[in-house]
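Okay, here's what each chain looks like letter by letter:
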Amino acid sequence: MWEAAGNTVREALANSMAQETSRDLGPVVLLGPPGAGKGTQSKRIMEKYLIPQVSTGDILRQNVDQGTELGHIAKAVMARGELVSDDLVCEMVRLRLKEPDCKRGYVLDGFPRTAAQAGWLDALLDDRLFDNSRPTRAWPIVIRLDVDYNQLLLRITGRRSCPTCGRIYNVRFQPASVDCVCDIDGTRLITRNDDRLEVIQPRITAYQEQTRPVADYYQRTGRLISLNGDQPMDVVTEHIFRILDDHHA
Ligand code: ADP
Ligand code: ADP
């Protein structure tokens, strides 16, 4: 049903990874509130370590655009700034992680977002519920980006993205060279439907109420690494690469 979404990106990654000989990185989880920089940093990790970005928000938006059954269910929930049900999202992630390009590792961007999803992910990694795709290291590296509330508002309201290549821009912090046009492919940039002021607050509330317990869960099990996400993008990237290189060594 929703497996078709994102095939082209997956094929391109699978091809580039076929030539990659470095060691497995395993799962990486990026946590943080809406606008923290998860998508921006995931793409940089993807480019450096040649592992795919698995963004549940992006996959859901693709399903909405393609009018799949999942997309129909998710559309109204996302427009209200609420979370799509754990069952649907976990099944979507299960199917995505079975793809061959996830064998060496992957960056989870926007997942897990509830305690139930975090428990589900641990069970998946622990039991190796899927065949032929065992990561060499079972537990994810979990990095949380902490960002001040007012900065989040500036980032979210200024966010623009390219519907063709997925590149993320910001009218204030990362503008395109030509106003509203993608530097890479010339496509007109779009504003996400849920990046409107009236939807931002419910999304931040959902983060505080439902996603904070995920960070607590990883903290209790000694797996949480917190980073100051308020810093400039390149500084945040440098910190993340250092963490991943340490684990990679
Ligand atoms: P942001 O980049 O602002 O953190 P995302 O693109 O990750 O937002 O998510 C957009 C919307 O998609 C969320 O508000 C929610 O409705 C839905 N969504 C994304 N990931 C999940 C998830 N893991 N569980 C439930 N809903 C999700
Ligand atoms: P998330 O995926 O966590 O919702 P994004 O990566 O989409 O966040 O970033 C949200 C917006 O903030 C984007 O417009 C992006 O260009 C911008 N941004 C990301 N990281 C930073 C940063 N460190 N400083 C300033 N702006 C940033």
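Residues numbered from 1 in each chain as written. Chains lettered and ligands numbered in written order. Predicted model: local features only at pLDDT ≥ 70, side-chain atom pairs only at ≥ 80, totals over all residues. Heavy atoms only, no water.

A. Region of interest: unusual backbone geometry. In this structure, Pro112 follows Phe111 across a cis peptide bond, with omega equal to -5°. Positive phi outside glycine occurs at Leu50, with the angle close to 55°. Relative accessible area serves as the criterion here: at 22%, Leu50 is assigned to the partly exposed category. Despite not being glycine, Cys180 shows a phi value in the positive range, around 65°. Note that Cys180 resides in the loop between strand E6 (168-170) and helix H8 (197-220). (Buried < 20%, exposed > 50% of the residue type's maximum accessible area, 1.4 Å probe, protein only. Helix = DSSP H or I, 4+ residues; strand = E, 2+ residues; numbered from the N terminus.)

B. Broad picture of the sheet that holds strand E1 (residues 26-31). Across the sheet, five strands lie side by side as E2-E3-E1-E4-E7; this open sheet has parallel pairing. At either end of the open sheet lies a strand with only one pairing partner, and these are strand E2 (53-55) and strand E7 (224-228). Pairs of neighbouring strands in the sheet enclose a mean axial angle of 25°, with direction left out of account. Strand contacts of helix H9 (residues 233-248): E1, strand E4 (141-146) and E7, with the helix running at about 165° to E4, the strand carrying the most contacts. (Pairing = 2+ DSSP bridges. Axes fitted to C-alpha atoms, helices over the stretch in contact; angles between N-to-C directions. Contact = heavy atoms within 4.5 Å.)

C. Local environment of the site of ligand 2. Lining the immediate surroundings of ligand 2 are 20 residues, of which Gly35, Thr40, Arg159, Tyr169 and Asn170 lie closest. In this structure, Gly37 approaches ligand 2 through a main-chain N or O atom, which is 3.0 Å from an oxygen atom. For ligand 2, a nitrogen atom lies 2.8 Å from a polar atom in the backbone of Gln231. In isolation ligand 2 has 560 Å² of accessible area, and contact with the protein removes 95% of it. Going through the elements one at a time, helix H2 (38-49), helix H7 (149-158) and E6 are the ones with two or more residues in the shell around ligand 2. Of the residues contributing to the shell around ligand 2, the split by class is eight nonpolar, nine polar and three charged. (Near = heavy atom within 4 Å. Polar contact = N/O pair within 3.5 Å; in protein donor to acceptor, adjacent residues only side chain to side chain. Areas by Shrake-Rupley, 256 points an atom, 1.4 Å probe, with all protein chains shown as cover. Nonpolar A, V, L, I, M, F, W, Y, C, P; charged D, E, K, R; others polar.)

D. Spatial organisation of the pattern of salt bridges. Overall, the coordinates contain 13 salt bridges when judged by the stated rule. Measuring nitrogen to oxygen at the nearest pair gives 2.9 Å for the salt bridge that ties Arg196 to Glu198. What you see here is one network of salt bridges that share partners, running through Arg159, Arg192, Asp194, Asp195 and Arg203. (Salt bridge = Lys/Arg side-chain N within 4 Å of Asp/Glu carboxyl O.)

E. Summary view of the site of ligand 1. Around ligand 1 lies a shell of 19 residues, among which Lys38, Thr56, Glu82, Gly110 and Arg203 are the nearest. Lys38 places a polar side-chain atom, nitrogen or oxygen, 2.9 Å from an oxygen atom of ligand 1. Within the side chain of Arg192, one N or O atom sits 3.2 Å away from an oxygen atom of ligand 1. Calculation on ligand 1 without its partners gives an accessible area of 560 Å², and the protein chains cover 97% of this total. Sort the elements by how many residues they give to the shell around ligand 1 and helix H3 (residues 56-66) lands first, with four residues. For the shell around ligand 1, the residue count by class is seven nonpolar, four polar and eight charged.

F. Spotlight on the nonpolar core. Grouped together as the largest cluster of nonpolar side chains are 28 residues, with contacts concentrated most on Leu31, Leu108, Leu121 and Tyr218. Elements supplying a minimum of two residues to this core: E1, H3, helix H4 (69-79), helix H5 (86-97), strand E3 (105-109), helix H6 (115-127) and H8. A per-element tally of this core places H5 first, with five residues. The contact partners of Leu31, leaving out residues within four places of it in the chain, are Lys38, Pro112, Val142, Ile143, Arg144, Leu145, Val214, Ala215, Tyr218 and Leu224. (Core = buried A, V, L, I, M, F, W, Y, C linked by side-chain atoms within 4.5 Å.)

Take it as geometry only, folks, not as evidence of what the structure does.
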